[in-house]
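Structural description and commentary
Here are the chains, one letter per residue:
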Amino acid sequence: MNLSIKSLLMKDIFIYYQIILIFYIVEIVSFTFLYAIWPYDVFWLNAFIRGFLSIFFSIIARKIIFKNSKNFYTKFFFLVLLSPIASSTILKIFIGLFDQVEIWILKIIGDMIISIISFLILKNK
């Protein structure tokens, strides 16, 4: 990878995370609020919130970052289906492994792992 491609990729990652930060703040606040009310099934609660917000994110991200990606919506649809499940699975695993850590911290770590993987898949032409 030459320097200009790397700098473009880094620029896109920076923009991606600026946009995602807005959506993620809404997700974390929603998750924290709804978890306090309904702590019965963290997997489905997280999956629903993440899936719902992912749809709105895709519209904005496609226009700004992924305009040259082939089959964006096909890849994104696949990721929208798998990302909430993968994120929720990682959260559940982390809860079992790190029971002394706050759940919202574990959620953020798991979501970041899935987010980086998703970005790389979407950016692939």
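Residues numbered from 1 in each chain as written. Predicted model: local features only at pLDDT ≥ 70, side-chain atom pairs only at ≥ 80, totals over all residues. Heavy atoms only, no water.

Details of the packing of aromatic side chains
Taken as a whole and assessed by the stated rule, the structure comprises 16 aromatic pairs. Considering the side-chain rings of Phe-66 and Phe-72, the 5.4 Å spacing of their centres and the 25 degrees angle between planes classify their relative orientation as stacked. Phe-72 carries the same exposure label as Phe-66, and that label is buried. Summarising the aromatic geometry, the rings of Phe-66 and Phe-119 are spaced 5.8 Å apart at their centres and angled 55 degrees between planes, so their arrangement reads as tilted. One end of the pair, Phe-66, is in the loop between helix 2 (42-64) and helix 3 (72-97); the other, Phe-119, is in helix 4 (residues 103-123), and 53 residues separate them in sequence. By the burial criterion, Phe-66 is buried, and Phe-119 matches it. Ring-pair connections join several aromatic residues into one group, and the members of that group are Tyr-16, Tyr-17, Phe-23, Phe-57, Phe-66, Phe-72, Tyr-73, Phe-76 and Phe-119. (Phe/Tyr/Trp six-rings, centres within 6.5 Å; stacked < 30°, edge-to-face > 60°. Buried < 20%, exposed > 50% of the residue type's maximum accessible area, 1.4 Å probe, protein only. Helix = DSSP H or I, 4+ residues; strand = E, 2+ residues; numbered from the N terminus.)

A closer look at the pattern of salt bridges
Overall, the coordinates contain four salt bridges when judged by the stated rule. Its salt-bridge partner being Glu-27, residue Arg-50 comes within 3.2 Å of it at the nearest N-O pair. Within this pair, whereas Arg-50 is found in helix 2, its partner Glu-27 is found in helix 1 (residues 3-37), the two being separated by 23 residues in sequence. Classification of Arg-50 by relative accessible area gives buried; the value is 8%. Taking the relative accessible area as the measure of exposure, Glu-27 reaches 5% and is therefore buried. A salt bridge links Lys-107 to Glu-27; the shortest N-O distance between them is 2.6 Å. Remark: Glu-27 occurs in helix 1 and Lys-107 occurs in helix 4; sequence separation between them is 80 residues. (Salt bridge = Lys/Arg side-chain N within 4 Å of Asp/Glu carboxyl O.)

Nothing here speaks to function; it is all geometry.
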